[in-house]
Every structure is written in structure tokens, then in C-alpha cells.
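If you want the building blocks of each chain, they are given just below.
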Amino acid sequence: MARQKYTSYKVRSRRIRSDRDPDYRAERAKTFRATYAALGLKLPEVAQLLHVSPRTLHNWNAGKYDIPYAAYKLLRVLLHYELPDPAWKGWHFAQGRLWTPEGHSIAAHESSWWSLMVRMARQYLAASTRCRDLERQLGAQGSPETRPVTRSGGGSGAGEPGALAPAQGPARSAGP
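Residues numbered from 1 in each chain as written. Predicted model: local features only at pLDDT ≥ 70, side-chain atom pairs only at ≥ 80, totals over all residues. Heavy atoms only, no water.

Caption draft 1: Seen up close, the sheet that holds strand 1 (residues 92–94). With antiparallel pairing, the three strands of this open sheet are ordered in space as 1-2-3. The two strands at the open ends of the sheet, each matched to only one other strand, are strand 1 and strand 3 (105–106). Inspection of the sheet shows strand 2 (residues 97–99) paired to strand 3 by two bridges, in the antiparallel sense. From the neighbouring strand, tryptophan 99 faces strand 3, where its bridge partner is serine 105. (Pairing = 2+ DSSP bridges. Helix = DSSP H or I, 4+ residues; strand = E, 2+ residues; numbered from the N terminus.)

Caption draft 2: Layout of the environment of isoleucine 67. Here isoleucine 67 lies in the loop between helix 4 (54–62) and helix 5 (69–78). In sequence terms isoleucine 67 and arginine 25 are 42 residues apart; their C-alpha atoms lie 8.0 Å from each other. Beyond its immediate stretch of four places on either side in the chain, isoleucine 67 contacts Arg28, Ala29, Phe32, Trp60 and Tyr72. (Contact = heavy atoms within 4.5 Å.)

Caption draft 3: Structural context of the nonpolar core. Listed in full, the twelve residues of the largest apolar core are Ala29, Phe32, Tyr36, Val46, Ala47, Leu50, Leu57, Trp60, Ile67, Ala71, Tyr72 and Leu75. Looking at this core, the elements that each hand over two or more residues are helix 2 (22–38), helix 3 (43–50), helix 4 and helix 5. (Core = buried A, V, L, I, M, F, W, Y, C linked by side-chain atoms within 4.5 Å. Buried < 20%, exposed > 50% of the residue type's maximum accessible area, 1.4 Å probe, protein only.)

Caption draft 4: Quick look at the packing of helix 2 against helix 5. Two numbers describe how helix 2 lies on helix 5: the axes approach to 9 Å, and their chain directions differ by 35°. Crossing geometry of helix 2 relative to helix 5 is assigned as left-handed. Where helix 2 approaches helix 5, its residues Arg28, Thr31, Phe32, Thr35 and Tyr36 are matched on the opposing element by Ala71, Tyr72, Leu75 and Arg76. For the contact of helix 2 with helix 5, a count of residues per class yields five nonpolar, two polar and two charged. (Axes fitted to C-alpha atoms, helices over the stretch in contact; angles between N-to-C directions. Left-handed = near helix turned anticlockwise from the far one by under 90°. Nonpolar A, V, L, I, M, F, W, Y, C, P; charged D, E, K, R; others polar.)

Caption draft 5: Structural detail: the packing of helix 2 against helix 4. Look at helix 2 against helix 4: their axes get within 7 Å of each other, and the N-to-C directions meet at 125°. The pairing of helix 2 with helix 4 is recorded here as oblique in orientation. Across the interface between the two elements, Ala29, Phe32, Arg33 and Tyr36 of helix 2 pack against Leu57, Trp60 and Asn61 of helix 4. Split into classes, the residues belonging to the contact of helix 2 with helix 4 amount to five nonpolar, one polar and one charged. (Parallel < 35°, antiparallel > 145°, perpendicular 65-115°, else oblique.)

This is the structure in C-alpha cells:
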């Protein structure tokens with residue numbers, strides 16, 4: 001059997017795309033240029049943003065060298081194409097704010113209290129669960145001496161709104 005000869009067309013079509021492939025690097029460079037152009041940044045501004053020299057950026061744009069994934073990803077995040085993790089699906093940055101999937105915007109100064117807000121929400125959940133359990137226990141006892149328990153607001157301590165208090169009877173009027 002005779003060996004099959006490959007033409008350059010067939011060899012090129014069988015080539016696996018990789019960062020070492022000059023055509024692939026050229027395509028990535030074109031996408032990279034389009035990404036920072038969409039951000040409205042010039043070459044020196046992009047070089048400063050990525051902490052590289054303008055010459056390095058020129059080599060990336062020319063397709064001479066591979067563009068590091070981190071640099072490419074940073075520009076895509078800034079353009080709000082994507083955030084780094086699938087858990088952030090629907091979240092994006094626009095107009096200097098973080099936007100939730102529901103369409104609410106969060107400014108940078110508003111995010112400084114997130115950890116406190118999350119801890120408070122966890123404590124509230126624990127307190128309300130404990131309160132529900134206590135109400136069930138009181139209801140299960142069913143003794144005539146126990147008064148029904150009412151909830152009067154959103155607090156958690158004695159004397160505060162939301163504390164458990166015995167139900168009040170009908171208001172008494174001042175007699176003669």
C-alpha cells in the first residue's frame with residue numbers, strides 16, 4: 001500500500017489549537033484588543049492596569065507571546081462579561097457598582113458592612129428558631145397555669161421589642 005501524502009491544507013486542518021499556534025495567538029490578541037477597546041482604555045492605561053510594560057502589551061497585541069490568562073480574565077471581569085466563579089452567576093459590575101441578579105446595585109462603600117450583616121442575619125435565624133422551639137414546648141405542655149405567649153416586635157432581649165411576653169388581658173378601666 002502506498003503512503004498517503006498530506007498537503008499543507010490537510011496538515012493545517014488537523015492541527016490542534018494551542019497557545020503555541022501563531023494563528024490561535026493572533027485570534028486571542030484580536031479578542032484582547034477588542035476587550036480593552038470596549039473598556040475605553042488606551043495602550044498605556046492597559047499596561048498600567050495590568051502592571052506590565054507597554055512593550056509587553058505590544059508583544060501580546062502582535063501575537064508574539066501568549067497573553068496570560070489572568071490578564072485576559074481581569075479585562076473580561078472589568079467589562080462585566082463574567083465574574084471569577086460560577087456561584088456569582090447573574091452578578092456583574094457596571095457603572096462602578098456591583099449589580100445583583102435581581103437588579104439591585106451595591107456601591108463600594110455599602111459593601112463594607114457585609115460581614116456584620118451576615119453575622120446579624122445568622123444570629124437572628126438562630127434566635128427565631130430557638131423562640132419557635134420554646135413556643136412549641138410551651139404549647140406541648142398545655143398546663144392551665146401557662147399563659148399564651150405573644151410576640152411584640154423584632155428584638156431579642158427581655159424588655160425589648162420582640163421579646164416573649166405573657167399575653168395581656170383586657171384593659172381595665174379606672175373605677176369610680
